[in-house]
Structure formats: structure tokens, C-alpha cells
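Observations on chain architecture
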Amino acid sequence: MRIVAVSELEVGDVLEKSVQGNNGVVMLEAGTVLTEKYINRLKTLRIKFVHLSDSPEFGTDSSSKSKRSASDSWIRPDIDQMKDNENGRKDAIKLVTEFVDRSLMLEQIVLPFPAGNFRQQFRDMLMEITSQPALADELSVMMQTDRILFEHALNVTLCSSVIGTAQNFDSSKLYELALGALFCDIGMTRLPLDLTKVNRELNESELTLLRQHTNEGYRVLKGIKEIPLVSAQCALLHHERYRGSGYPLGMTNDNIPEFAQIVGIADVYNALGSPRHHRNAYRPAEAIEYLLASGNYDFDWGLIKAFLNHVIIYPVSTLVKLSSGQTAAVMETESRPIQRPLVQVLSEPDGTVVKIPYSLELQRHTNVVIIGKADN
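Under an unreviewed UniProt entry, the name given to the protein is HD-GYP domain-containing protein, and the organism recorded is Cohnella cholangitidis.

1. Re the environment of P228
Looking at the secondary structure, you find P228 in the loop between α11 (213–222) and α12 (229–237). Looking at P228, the relative accessible area reads 26%, which means it is partly exposed. Along the primary structure P228 and L177 are separated by 51 residues, whereas in three dimensions their C-alpha atoms are 9.9 Å apart. Excluding anything up to four places from it in sequence, P228 contacts E176 and L179.

2. Focus: the nonpolar core
F150, F183, F307 and L322 are the most contacted members of the largest nonpolar core, which totals 87 residues. Those residues in contact with L322 that sit more than four places away from it in its chain are A328, V343, L360, L362, V368, V369, I370 and I371. Judged by nonpolar contacts, the second largest core, of twelve residues, contains I39, I47, V50 and L52.

3. Side note on empty space enclosed by the protein
Scanning the model with the defined rule gives two cavities of 30 Å³ or more in all. Put simply, the second largest cavity is a space of about 40 Å³. Considering the residues around the second largest cavity, the lining is formed by M142, L149, H152, A153, A181, L182, C184, D185 and I186. The set of elements that each furnish at least two residues to the lining of the second largest cavity consists of α7 (147–166) and α8 (171–182). A total of three residues in the lining of the second largest cavity trace back to one element, the largest contributor, which is α7.

4. Examining the packing of α8 against α12
Helix-helix packing is described using two parameters, namely the angle between the two axes and the distance between the axes. For the pair α8 and α12, the least separation of the axes is 8 Å and the interaxial angle reads 30 degrees. For the element pair α8 / α12, the angle class is roughly parallel. Every pair of crossing elements has a handedness; the one defined by α8 and α12 is right-handed. In this structure, α8 uses E176, L179 and G180 to contact α12, whose residues at the interface are V230, S231 and C234. Class assignment of the residues belonging to the contact of α8 with α12 gives a composition of three nonpolar, two polar and one charged.

5. Structural notes on helix α14 (residues 284–293)
Taken as a whole, α14 has its buried residues at A285, A287, I288 and L291. Looking straight down α14, one finds that the buried residues subtend no more than 160 degrees of arc, so they occupy a single side. Lining the buried residues of α14 we find α13 (258–272) and α15 (301–308).

6. Notes on the packing of α14 against α15
Where α14 meets α15, the closest approach of the two axes is 9 Å, and the angle between their N-to-C directions is 155 degrees. Judged on the interaxial angle alone, α15 and α14 are roughly antiparallel. Of the residues in α15, those touching α14 at I288, L291 and L292 are W301, I304, F307 and L308. For the contact of α14 with α15, the per-class residue count stands at seven nonpolar, no polar and no charged.

7. Overview of the sheet that holds strand β6 (residues 327–332)
With antiparallel pairing, the five strands of this open sheet are ordered in space as β8-β7-β6-β5-β9. The sheet is open, and its two edges are formed by β8 (353–361) and β9 (370–373), each paired on a single side. The sheet shows a mean angle of 35 degrees between the axes of neighbouring strands, taken without regard to direction. Inspection of the sheet shows β6 paired to strand β7 (residues 342–347) by five bridges, in the antiparallel sense. Directly across from V330, in β7, lies its bridge partner V343.

Calculation rules
Residues numbered from 1 in each chain as written. Predicted model: local features only at pLDDT ≥ 70, side-chain atom pairs only at ≥ 80, totals over all residues. Heavy atoms only, no water. Helix = DSSP H or I, 4+ residues; strand = E, 2+ residues; numbered from the N terminus. Buried < 20%, exposed > 50% of the residue type's maximum accessible area, 1.4 Å probe, protein only. Contact = heavy atoms within 4.5 Å. Core = buried A, V, L, I, M, F, W, Y, C linked by side-chain atoms within 4.5 Å. 1 Å grid on protein atoms, 1.4 Å probe; cavity = no way out; pocket = protein on both sides within 12 Å on 5 of 7 lines; lining within 4 Å. Points joined across faces, edges and corners; volume = space filled by probe spheres on them. Axes fitted to C-alpha atoms, helices over the stretch in contact; angles between N-to-C directions. Parallel < 35°, antiparallel > 145°, perpendicular 65-115°, else oblique. Left-handed = near helix turned anticlockwise from the far one by under 90°. Nonpolar A, V, L, I, M, F, W, Y, C, P; charged D, E, K, R; others polar. Arc of directions from axis to C-beta. Pairing = 2+ DSSP bridges.

Shown next as C-alpha cells:
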């Protein structure tokens with residue numbers, strides 16, 4: 001099944017699901033072969049997207065379809081050159097290997113499953129991806145285009161995999177999710193560089209163009225046989241939001257595929273933690289608060305909870321400043337609320353060093369909170 005914008009429909013496409021009007025009345029039954037009349041009617045009624053069958057399309061000229069895709073996309077002339085760059089490919093694979101072998105981000109993740117098993121499975125998935133030439137080529141393009149984008153993709157893949165594992169996905173489903181997460185922003189590599197690397201806030205027309213990276217990414221991934229459709233949909237739909245405020249289709253609630261929501265959560269969490277030209281990076285606690293506020297507004301609350309249950313803001317041994325003015329060291333985080341670990345007080349509000357450090361269970365002392373890391 002494919003989720004396709006009505007503006008992209010062609011005569012001969014086949015509906016996988018029925019199309020309902022705002023009043024709930026079925027307008028077109030599942031299995032309907034779309035004609036020009038049907039497509040125009042959908043546009044008139046402002047239906048934004050439909051679910052199409054993966055079966056061969058009737059009366060569709062595949063050659064004309066590919067020509068249309070090429071003419072409607074940004075084909076940067078250096079893409080093929082980057083794919084032919086053997087050193088670039090080797091560098092990309094090396095960076096992926098280094099990431100899975102010593103990901104510092106795992107220090108901020110609580111794994112409800114054997115850590116060694118997760119690390120090995122995560123490593124195996126990414127190594128499988130890099131072993132496939134077409135996928136390694138795209139990783140190389142991403143790395144050569146924007147190192148920050150490349151590193152962001154790796155972190156999004158890690159966080160998505162944590163959520164998928166917490167959701168008890170099997171190995172096949174986890175692999176498809178990892179593919180979708182890793183290449184969710186591949187469309188950015190096809191946009192003009194003067195748009196994606198501009199050092200200022202974008203104006204409205206520029207934002208509209210930038211948002212086309214979802215459609216462009218979907219086009220790229222659909223053309224790679226090694227990428228399943230459910231993975232390619234992550235590129236198209238990871239900016240959709242629970243109440244319909246996202247893009248490109250304005251989908252809502254359960255209409256947004258689970259993979260796309262998971263990747264969207266991971267994408268937002270990692271983006272908040274990175275500086276942007278118009279803002280500083282959010283502190284970990286601020287990023288958590290942002291996600292907490294987005295439950296059943298931007299994302300499904302159950303998926304947010306599944307992620308936040310496994311995030312550590314302040315890892316063990318981190319020196320923190322308390323709202324009481326005290327300085328403390330984080331001692332234990334397991335089985336405790338995200339912002340309320342067990343700490344050991346090292347100095348009092350006036351700066352006096354505690355001769356015998358004592359424990360403070362923030363889960364019980366609700367009037368005291370961590371306000372940030374302490375200066376070393």
C-alpha cells in the first residue's frame with residue numbers, strides 16, 4: 001500500500017482503501033481504478049491523499065511517469081559525481097562504523113533489554129545497510145553534502161531503534177524502521193545548497209521550497225529497490241503531525257503510519273538538541289519538556305512515552321545544580337522519573353563543601369529540581 005497525494009495521482013492508479021467524504025460517506029470504494037474524472041473530483045472535494053494499491057497500475061506508462069518525476073525534481077548535477085567518489089563512500093562507511101561502535105548517545109539511553117544485545121543488533125543493521133552499494137552511495141552523498149545532516153541521521157536512527165525495540169518490533173520490522181530513519185532526510189541532499197545551508201531564518205517561499213525535501217526524499221527512495229515502501233514513506237511523512245498541522249499531506253492521528261511517527265519523534269528530539277542559526281540548542285530537560293507537551297498534539301502520546309521512558313537527561317556521575325542552590329552528583333537513574341534521579345549532595349547553597357556527602361531522592365523531595373549541569 002502507498003500513501004499518495006491527490007496532486008500526484010495518475011489515471012490507472014488503484015485505490016487500496018475506500019475514500020470517505022467529510023460526512024463519512026464512502027465516495028470511492030477500495031479497488032476502484034482511477035480515471036481522470038475521479039481524480040478531478042477528488043481535487044474538487046479537497047481530498048489531500050489516498051491509499052493506493054502496490055499492484056501494477058492499469059494503463060500507466062512507466063516511461064512517462066519517470067520523465068515526469070525527473071522534470072519535477074531538483075537534480076543536482078553533482079549527485080552522480082558524489083556517488084562515484086570511492087573515498088567519499090569509504091569515509092561514510094567508516095563514520096557509520098565508528099558511530100555504532102562508540103555512540104556516546106547510548107549513555108543517555110536506558111535500555112529495558114540487554115544492552116549488549118541491542119548494541120549488536122543495531123550494529124548489524126547498519127553494517128547490513130552499508131554493505132549494499134545503492135544504500136552506501138546515498139550515505140556517501142549525504143555525508144559529502146552535509147556532515148551535520150549525516151550525523152543527525154545516525155542519531156535519529158538510534159533513537160528510532162530504541163523506540164522500535166521498546167515496542168517489541170521483530171528484527172525485520174526494526175530493519176525497515178532503521179532504513180526509514182537513516183534516509184528520512186535524503187531529500188535534503190537534492191535541494192539547492194544555497195537553500196539548505198543558508199545562515200539565517202528562511203522566508204515563507206524558501207520554507208515552502210525546503211519542505212519539498214519530503215516529496216523529493218520519497219521519490220529518491222522509491223527508486224531504490226533495496227528500500228521497502230514502508231521505509232520510503234518515512235521520508236514523505238515524518239513531518240506529519242498528530243492534529244494535522246504537519247506537511248506535506250496534513251494527515252492526522254492514526255492516518256500517520258507508526259514508522260513515520262517514530263522517526264518524527266526521534267527527528268524532533270535530536271534537532272532540538274542541536275544549535276540552529278536562529279536559536280541555541282535546547283538543554284536536555286527543555287527538549288524533554290517539549291516532547292511531553294507534544295503528546296497527542298504533534299505525536300501519539302504512547303510513542304512519546306515509550307521513548308521518554310528510556311531517556312536519561314543527566315547520566316550517572318554528572319554534576320548538577322539543584323534549585324535549592326546545592327551542587328550534587330547523579331547517583332542512580334534507573335526506575336526513576338526522567339528529571340528526578342537519586343543524587344548525592346556535594347556542596348551547600350553557600351558553597352560550603354559537604355564533609356560527608358549525603359543522598360537526596362528527588363523523587364520524594366518534589367520541591368527540589370535539577371536546573372542544569374554544574375560548572376566544573
